[in-house]
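Residues per chain, in single letters:
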Amino acid sequence: MNSQTERLVIAGPAGALEIAIDQPTAPLRGIAVLCHPNPTQGGTLDNKVVQTLARAFVQMGYRAVRFNFRGIGKSEGGWDEGRGEVDDALAVIAHAREAGLPLALGGFSFGGYVASHAAQRLEDKAERLCLVGPAASRFDMTGVPADTLVIHGESDDVVPLASVLDWARPQSLPVTVVPGVGHFFHGQLPLLKSIILRGWHEAGSATSP
């Protein structure tokens, strides 16, 4: 993401996993593990939306940890239709977590599917989730906590807005819809970052005692 990004390889369930870490300049508030879009369609940890997620969390004081799913970049293994990719996320979470610091999970598109399933399998639950363009029409998205921040483009032609609303409606889950924006938020990444910053703060305020 920048010259200060630390890249390293850790042990994963199918071999090595490549991760990228960005540190905040402010006092460390928490850890954010962020999942990239579908690797069979070119998704990597360097995806622009995932980088935008990382920038937003770094600005809020989180250590942002991105990673490549198995078979992508320096990560070993091969595509496992989402099952093994959730295992990859859990391995990165286990490596990245620090005692006493809250964990945030985020994901874009397929990465939203992975983040939601990983969250369900954690014994020590995540603080909150941030899902951008979650792939509700393409993968079996699990239920998520009511304070999950969901952001979707009105003109998304990869994951139709209607499918996300159909997924969110039974959960009474709010969805932030960005008018006129497509799946990849082309030309609107600064707006996406500002929505994440504002929405995360508002959700935190709403759940504070």
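The preceding data block contains the structure.
Residues numbered from 1 in each chain as written. Predicted model: local features only at pLDDT ≥ 70, side-chain atom pairs only at ≥ 80, totals over all residues. Heavy atoms only, no water.

Asks: Which residues make up the pairing of strand E7 (residues 149–153), and what values do they have?
Replies: Most of E7 is tucked away, with five of its five residues classed as buried. Neither face of E7 is open: one carries Leu149, Ile151 and Gly153, the other Val150 and His152, and all of them are buried. Taken together, the three bridges between strand E6 (residues 128–132) and E7 define a ladder with parallel strand orientation. Within E7, the position partnered with Cys130 by the bridge is Leu149. Where E7 and strand E8 (residues 176–178) come together, three bridges link them in parallel fashion. The residue of E8 that forms the bridge with His152 is Val177. Assessed by its sense of winding, the connection that carries the chain from E7 through helix H4 (residues 161–168) to E8 is right-handed. (Buried < 20%, exposed > 50% of the residue type's maximum accessible area, 1.4 Å probe, protein only. Helix = DSSP H or I, 4+ residues; strand = E, 2+ residues; numbered from the N terminus. Pairing = 2+ DSSP bridges. Right-handed = clockwise from strand over helix to strand, strands pointing away.)

Asks: Could you give an account of the sheet that holds strand E5 (residues 103–108), with specific residues and numbers?
Replies: Taken together, the eight strands give an open sheet; going across it, the order is E1-E2-E4-E3-E5-E6-E7-E8, and neighbouring strands pair in mixed fashion. The sheet is open, and its two edges are formed by strand E1 (6–12) and E8, each paired on a single side. For this sheet, the mean angle separating the axes of adjacent strands, direction not counted, is 20 degrees. Lying on the sheet, helix H1 (residues 48–59) is in contact with strand E2 (15–22), strand E3 (30–35), strand E4 (62–67), E5 and E6; it crosses E4 at an angle near 160 degrees. (Axes fitted to C-alpha atoms, helices over the stretch in contact; angles between N-to-C directions. Contact = heavy atoms within 4.5 Å.)

Asks: Account for the side chain of Thr148, naming residues and giving values.
Replies: Following the sequence through the fold, Thr148 ends up in the loop between E6 and E7. The buried category is assigned to Thr148, whose relative accessible area is 5%. In this structure the side chain of Thr148 is engaged in a polar contact, spanning 2.8 Å, whose partner is the backbone oxygen of Pro145. Filtering out sequence-adjacent residues up to four positions away, Thr148 remains in contact with Leu129, Leu131 and Leu173. (Polar contact = N/O pair within 3.5 Å; in protein donor to acceptor, adjacent residues only side chain to side chain.)

Asks: Can you lay out the environment of Arg128 for me, pointing to particular residues and giving the numbers?
Replies: Considering the arrangement of structural elements, one finds Arg128 in strand E6. Put simply, Arg128 and Thr5 are 123 residues apart on the chain and 24 Å apart in space, counted from C-alpha to C-alpha. Among the polar contacts listed, one links the side chain of Arg128 to the side chain of Asp147, at a separation of 3.5 Å.

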